[in-house]
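Inside the fold
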Amino acid sequence: LAGHGADDLELLEVLLAEDRDVRPGQVEELRHHRGDAAAVRAEARRILETSVDRVDYVEVVHPETLARVERAEPGSVVLVAAFVGKTRLIDNARLP
């Protein structure tokens, strides 16, 4: 997100529109899966699927090479693309 700090996980908060059913603390749940990139991907997808029309992709990558990682370390980047209606939203954020 342009203008946001590297520690933000706000991409999911942005994609989870205010008018949709979002449980407080859903984004915080991602922090509990740190270390296991597959679990971070699955949890991010699960959260998004409750609030967007379609998830295109969720990925956890190395911050410099953008290669897919198996371990979600602080500084790893979560990449997300999802559809709300016909609009495709894409974003990324570093894991704190």
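Structure's up top.
Residues numbered from 1 in each chain as written. Predicted model: local features only at pLDDT ≥ 70, side-chain atom pairs only at ≥ 80, totals over all residues. Heavy atoms only, no water.

**Some points on the overall build of the protein chain**
- Summing up its helical and strand segments, the protein chain has 3 helices and 3 strands in all.
- Secondary structure elements of the protein chain, listed N to C terminal, follow the sequence α-α-α-β-β-β.
- Within the protein chain, the proportion of its 96 residues that are buried is 40%.
- Sequence separation of 24 or more characterises 44% of the internal contacts of the protein chain that already satisfy a separation of 6 or more.
- Accessible surface, the protein chain as shown: approximately 5500 Å² in total, 49% of it carbon and sulfur. (Helix = DSSP H or I, 4+ residues; strand = E, 2+ residues; numbered from the N terminus. Buried < 20%, exposed > 50% of the residue type's maximum accessible area, 1.4 Å probe, protein only. Contact = heavy atoms within 4.5 Å. Areas by Shrake-Rupley, 256 points an atom, 1.4 Å probe, with all protein chains shown as cover.)

**What about the environment of Val 55?**
- Mapped onto the elements, Val 55 comes out in strand E1 (residues 54-61).
- The class for Val 55 is buried, based on a relative accessible area of 10%.
- For the pair Val 55 and Leu 89, spaced 34 residues apart in sequence, the C-alpha separation works out to 9.5 Å.
- Not counting the four nearest positions on each side in its chain, Val 55 is found in contact with Arg 45, Leu 48, Glu 49, Ala 81 and Ala 82.

**Here's the deal with helix H3 (residues 37-49)**
- For H3, built from 13 residues, the straight-helix expectation of 18 Å at 1.5 Å per residue is met to within 8% by its first-to-last C-alpha distance of 18 Å.
- Where H3 is concerned, the buried positions are Ala 37, Ala 39, Val 40, Arg 41, Glu 43, Ala 44, Ile 47 and Leu 48.
- One side-chain oxygen at the N-terminal end of H3 lies 3.2 Å from the backbone nitrogen of Ala 38; it belongs to Asp 36. (Expected span 1.5 Å × (residues − 1). Polar contact = N/O pair within 3.5 Å; in protein donor to acceptor, adjacent residues only side chain to side chain.)

**Overview of the side chain of Ser 76**
- Among the structural elements, Ser 76 can be located in the loop between E1 and strand E2 (77-84).
- The residues touching Ser 76, leaving out its near neighbours within four places in the chain, are Val 60, Val 61, Pro 63, Val 69, Arg 71, Ala 93, Arg 94 and Leu 95.

**A closer look at the sheet that holds E1**
- Taken together, the 3 strands give an open sheet; going across it, the order is E1-E2-E3, and neighbouring strands pair in antiparallel fashion. In this open sheet, the two edge strands, each paired with only one partner strand, are E1 and strand E3 (87-94). On average, each strand axis in the sheet is inclined to that of its neighbour by 10°, with strand direction left out of account.
- Pairing between E2 and E3: 8 bridges, direction antiparallel. In the strand pairing of E3, Val 77 is matched with Arg 94.
- Across the sheet, H3 touches E1 and E2, and the angle it forms with E1 is around 155°. (Pairing = 2+ DSSP bridges. Axes fitted to C-alpha atoms, helices over the stretch in contact; angles between N-to-C directions.)

So far we have only geometry, and geometry alone does not tell us how the molecule works.
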